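Examination of the molecular architecture
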Amino acid sequence: MLFVQGVIIAMNITMLGTGNALVIECYNTCFVLHDGNKRLLVDTGGGNGILHQLKHSGFQLTDIHSIFITHSHIDHILGIIWVIRISAQLMNRDMFDGDINIYSHDEVITLIDDMAQKLLLPYQYDFVGKRIHFHIVIDNETRNITGHDVKFFDIHSERTKQFGFVMGYGDGKRLAFCGDEPCHTSCERYVSGSDWLIHEAFCLYSEADTFRPYEKHHSTVKDACILAERLGVKNILLTHTEDTDLSHRKERYTEEGRRYFGGNIFIPDDLETLTL
């Protein structure tokens, strides 16, 4: 927690989306980390639904100045073009204060820039490099973003180059995010002992034969919770799930997870905010 003029400022996470690539009953997984007026948007989903989710979460697009994109899969990256487009329009009308900083590894930054050049109007793309800035991050690099040290790491995906991160916040607390694949053994050092772990859980282990997560390089609730228990994580937040029974997802996922993890388990809904 931060203290600003005697007021405690907590770190919060607002889930804009909680689903995997193919969901239609919720939005693709992306979220905002925020304490006070400092906000980091992580991924942007697969389209202009990001604008709807931001609005209904209580954020204005003009609140967002720092963005991290994990990888180039369409359910994580396509929303960034809408964010850039609308932000550039607002900047052009003097309705957007400050700049936007977009962080990712080299392949994602190259792709975003290429899409922006080809898909945006010239006056919109003209803000790139002036007030919309791309920042390439490398494996094991630490950047200070929104006042917090954020260490990025390559998750060693077998499919697409992808980065996760560890963020320090509050009184020595640590949040780890492994992207949308199981935590690779080489990345366990970043996760071990974390206060919070955000980890994908494509489905219940009991439904693995139905959803076939392993074919897609994903985990089940059981897998993620076994990992968290082994690495001494205090709290786990499971996301990037299927969407067939959202009204019972919390209780079903929590029930399976408790068999393998002794810490706190959180299964958020879209637009839900948790204090970390």
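Data block above holds the structure.
Report on the accompanying structure.

Scoring rules and cut-offs
- Residues numbered from 1 in each chain as written.
- Predicted model: local features only at pLDDT ≥ 70, side-chain atom pairs only at ≥ 80, totals over all residues.
- Heavy atoms only, no water.
- Axes fitted to C-alpha atoms, helices over the stretch in contact; angles between N-to-C directions.
- Helix = DSSP H or I, 4+ residues; strand = E, 2+ residues; numbered from the N terminus.
- Parallel < 35°, antiparallel > 145°, perpendicular 65-115°, else oblique.
- Left-handed = near helix turned anticlockwise from the far one by under 90°.
- Contact = heavy atoms within 4.5 Å.
- Buried < 20%, exposed > 50% of the residue type's maximum accessible area, 1.4 Å probe, protein only.
- Core = buried A, V, L, I, M, F, W, Y, C linked by side-chain atoms within 4.5 Å.

**Concerning the packing of helix H3 (residues 79-92) against helix H4 (residues 106-119)**
At a minimum axis distance of 10 Å, the contact between H3 and H4 shows a crossing angle of 55°. Considering the angle they form, H3 stands oblique to H4. Remark: the crossing between H3 and H4 carries right-handed chirality. Only Ile112, Met115, Ala116 and Leu119 of H4 make contact with H3, whose side of the interface consists of Ile80, Ile81 and Ile84.

**Remarks on unusual backbone geometry**
Although it is not a glycine, Thr146 sits at a positive phi angle of roughly 50°. When you line up the elements, Thr146 lands in the loop between strand S9 (142-145) and strand S10 (148-154). You can call Thr146 buried: its relative accessible area is 16%. One non-glycine residue with positive phi stands out, namely His240, at about 60°. Tracing the backbone shows His240 in the loop between strand S14 (235-239) and helix H9 (246-258). Overall, His240 belongs to the buried group, its relative accessible area being 3%.

**Digging into the nonpolar core**
Of all hydrophobic cores here, the largest spans 30 residues; its most connected members are Ile50, Leu54, Ile67, Ile80, Ile102 and Ile112. Contributions of two or more residues to this core are made by strand S4 (30-35), helix H1 (49-57), H3, strand S7 (100-104) and H4. When residues of this core are assigned to their parent elements, the largest contribution, seven residues, is made by H3. Residue contacts for Ile112: discarding those within four places in its chain leaves Ile69, Ile77, Ile80, Ile81, Ile84, Ile102 and Phe134. Ranked by size, the runner-up nonpolar core spans 28 residues in total, among them Ala201, Leu204, Val221 and Leu231.

Bear in mind that shape data such as this cannot, by itself, settle questions of function.
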